[in-house]
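# Topology and contacts: notes
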Amino acid sequence: MSPPEVAADISVDVAAGALRWSPSAGHERQIKLTDIVGIVRASASSTSAYRVLYIENTSSANEKDETPSSVTHFDLASLPDGLSSHVKDLPAYLCKHKPVHVVVSTQSGTGTAKDVFRNGVEPFLQSLGLVYEITETQSSQTILELAQSRFLEDACAGIAQTIILLSGDGGLVDLIDVFSKCQRSIQAVPDIALIPCGTGNAMASSIGLRSGPIDAVRTLLSGQSCSVPTIAVRFSPGAQLVIGEGRQRALISNISDPSQQTLYGAVVASWGLHAALVADSDTTEYRKFGMERFKMAATELLHPTDGSMPHRFQGRIKLTTSRPSVSLGGNGDESGCQQPVTSHEYTLPETEHMYVLTTLVPRLEKDFVISPASKALDGRMRFLRFGPLSGEEAMRLLMLAYQDGAHVKDELMTYEEVERVRIDFDEEMERWRRVCIDGKIVAVEQSGWMEISMDARRLLNLITPIE
Ligand SMILES: Nc1ncnc2c1ncn2[C@@H]1O[C@H](COP(=O)(O)OP(=O)(O)OP(=O)(O)O)[C@@H](O)[C@H]1O
């Protein structure tokens, strides 16, 4: 790390939204006030009083660099007018006795997590003098193994942990799955700071981290810790995880009891078009295209090369919803009192489907608002469905999700809050019995089923921006 730079001639130009200073060597510098990550008080042993952490944009017009920004800092002897609102105390989750654990998921998205660590997270931690340990993923098992051997053990022993996770949704889901399958009680719930480095980044986008991974570093200094609600997805005994670019199968759970075939997630459980396109596009070849990979796979599913219509997914769907009880002989309760809520279970009349999705979050990508009524981490589950359509019509409907979720107003769409969803699959080919749980793909056996419901436990916290 370079020696601290103590600034002189610091001035705040509120009208221009700029901060100017003279470094100890070199020309006057200027940044936008919006690029300030935060200002912290220097340690007692320091000669300066404050440290300004900011995002430096080093991109040039010709550079094709996906992570051009970096986090850096300079020191101040005193605080000029106009900067006091940027002064932050270190949040409790950065004041634990244990080193911060950083997990870099090297294959997430287009493989930028290492750069994001080098340019954003590492200089941030060093600027604050925080001690940290790093794990870079070597395989798709790394996070699962680390969660099992370290994070879970410490959580059960009551040791407070903060984990900075540079990944997409997959890394978070690996942690959720390991913690949810633990039979022991968690004594200290870990705080997870998600730095979005994946393709969809549904959870990060949904909690408000939509300006890229370097910008998400801000939240490390000024976020709040919120518990993560999860779904439990139970499967029929023959269901198997699809791994190795679709070529291999693995057990869902190492427990031999078939009734324990459960996966846990925090984002989405889907069947039909969504699950098929996530499954088809999860190959090294497709991953190179970033977010485009979803659209490319969708095009192939919606416009089969043999000129046929898109597949009609066969199965029966049963929903359980919460509804206020209807009072006998009345048109609702006019007294203003809350009506008791009862569960209502019914099977959809349609047995052919195209898009079937249950979600806990509003966004599947930064601008793809799948469930506009959802609020991240509020623990409410919503169900979306539409039936068989032409490729053009399905695309039209899904593109409306990019207009703040306008698709849910379309009469072709079923959209409602649910407590439980059960699907009984009536498909012969395994290809059409693949489902997606937060990016993981499961192939259900012929005549098999899956059942999605909320898990009552909250075993992990997520650091979210304060609104
Ligand atoms: N070194 C590695 N070798 C093989 N697989 C890896 C390696 N590092 C990470 N992975 C796997 O790559 C996948 C990346 O998933 P992740 O969700 O983080 O990114 P993504 O799929 O691009 O994003 P999103 O889920 O947000 O769309 C995970 O399954 C992870 O276990």
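Since the model is a prediction, treat every value here as computed from it, not as a measurement.

Near the ligand lie 20 residues; those nearest to it are Ser108, Gly109, Thr137, Gly170 and Thr199. For the ligand, a nitrogen atom lies 3.5 Å from a polar atom in the backbone of Gln107. Between the ligand and Ser108 there is a distance of 2.5 Å, counted from an oxygen atom to a side-chain nitrogen or oxygen. Per-element tally for the shell around the ligand: the top contributor is helix 3 (residues 169-181), with three residues. For the shell around the ligand, a count of residues per class yields no nonpolar, 17 polar and three charged.

Across soluble globular proteins, nonpolar side chains show a tendency to be buried alongside one another. The biggest cluster of nonpolar side chains holds 126 residues, and the ones touching the most others in it are Phe124, Ile164, Leu166, Ile195, Met203 and Phe235. In terms of residues, this core owes the most to one element, helix 2 (residues 142-156), which gives seven residues. In this structure, Ala7, Val12, Trp21 and Phe74 belong to the second largest nonpolar core, which totals 15 residues.

What follows is about the sheet that holds strand 9 (residues 162-167). If you walk across this open sheet you meet the six strands as 8-7-9-10-27-11, and the pairing is mixed. This sheet does not close on itself; its edge strands, each paired only once, are strand 8 (132-136) and strand 11 (223-227). The mean inter-strand angle of the sheet, taken between neighbouring strand axes irrespective of direction, is 30°. By the bridge criterion, two bridges tie strand 10 (residues 191-196) to strand 27 (residues 461-465) in an arrangement that is parallel.

Quick look at the sheet that holds strand 2 (residues 18-22) now. Taken together, three strands build an open sheet; the order of strands is 1-2-3 and the sheet is antiparallel. Looking along the sheet, the strands with just one partner apiece sit at the ends: strand 1 (8-13) and strand 3 (29-32). This sheet shows a mean twist of 15° between the axes of neighbouring strands, independent of strand direction. Two elements, strand 2 and strand 3, share four bridges in a ladder whose sense is antiparallel.

Before going further, it helps to spend a moment on empty space enclosed by the protein. Following the criterion strictly, the structure yields two cavities of 30 Å³ or more and no others. Lining of the largest cavity is provided by Lys98, Pro99, His101, Arg150, Phe151, Asp154, Ala160, Gln161 and Thr162. It is helix 2 that contributes the most residues to the lining of the largest cavity, three residues altogether. For the lining of the largest cavity, the residue count by class is three nonpolar, three polar and three charged.

So, how was this worked out
- Residues numbered from 1 in each chain as written.
- Predicted model: local features only at pLDDT ≥ 70, side-chain atom pairs only at ≥ 80, totals over all residues.
- Heavy atoms only, no water.
- Near = heavy atom within 4 Å.
- Polar contact = N/O pair within 3.5 Å; in protein donor to acceptor, adjacent residues only side chain to side chain.
- Helix = DSSP H or I, 4+ residues; strand = E, 2+ residues; numbered from the N terminus.
- Nonpolar A, V, L, I, M, F, W, Y, C, P; charged D, E, K, R; others polar.
- Core = buried A, V, L, I, M, F, W, Y, C linked by side-chain atoms within 4.5 Å.
- Buried < 20%, exposed > 50% of the residue type's maximum accessible area, 1.4 Å probe, protein only.
- Pairing = 2+ DSSP bridges.
- Axes fitted to C-alpha atoms, helices over the stretch in contact; angles between N-to-C directions.
- 1 Å grid on protein atoms, 1.4 Å probe; cavity = no way out; pocket = protein on both sides within 12 Å on 5 of 7 lines; lining within 4 Å.
- Points joined across faces, edges and corners; volume = space filled by probe spheres on them.

Read these as spatial facts, not as claims about activity.
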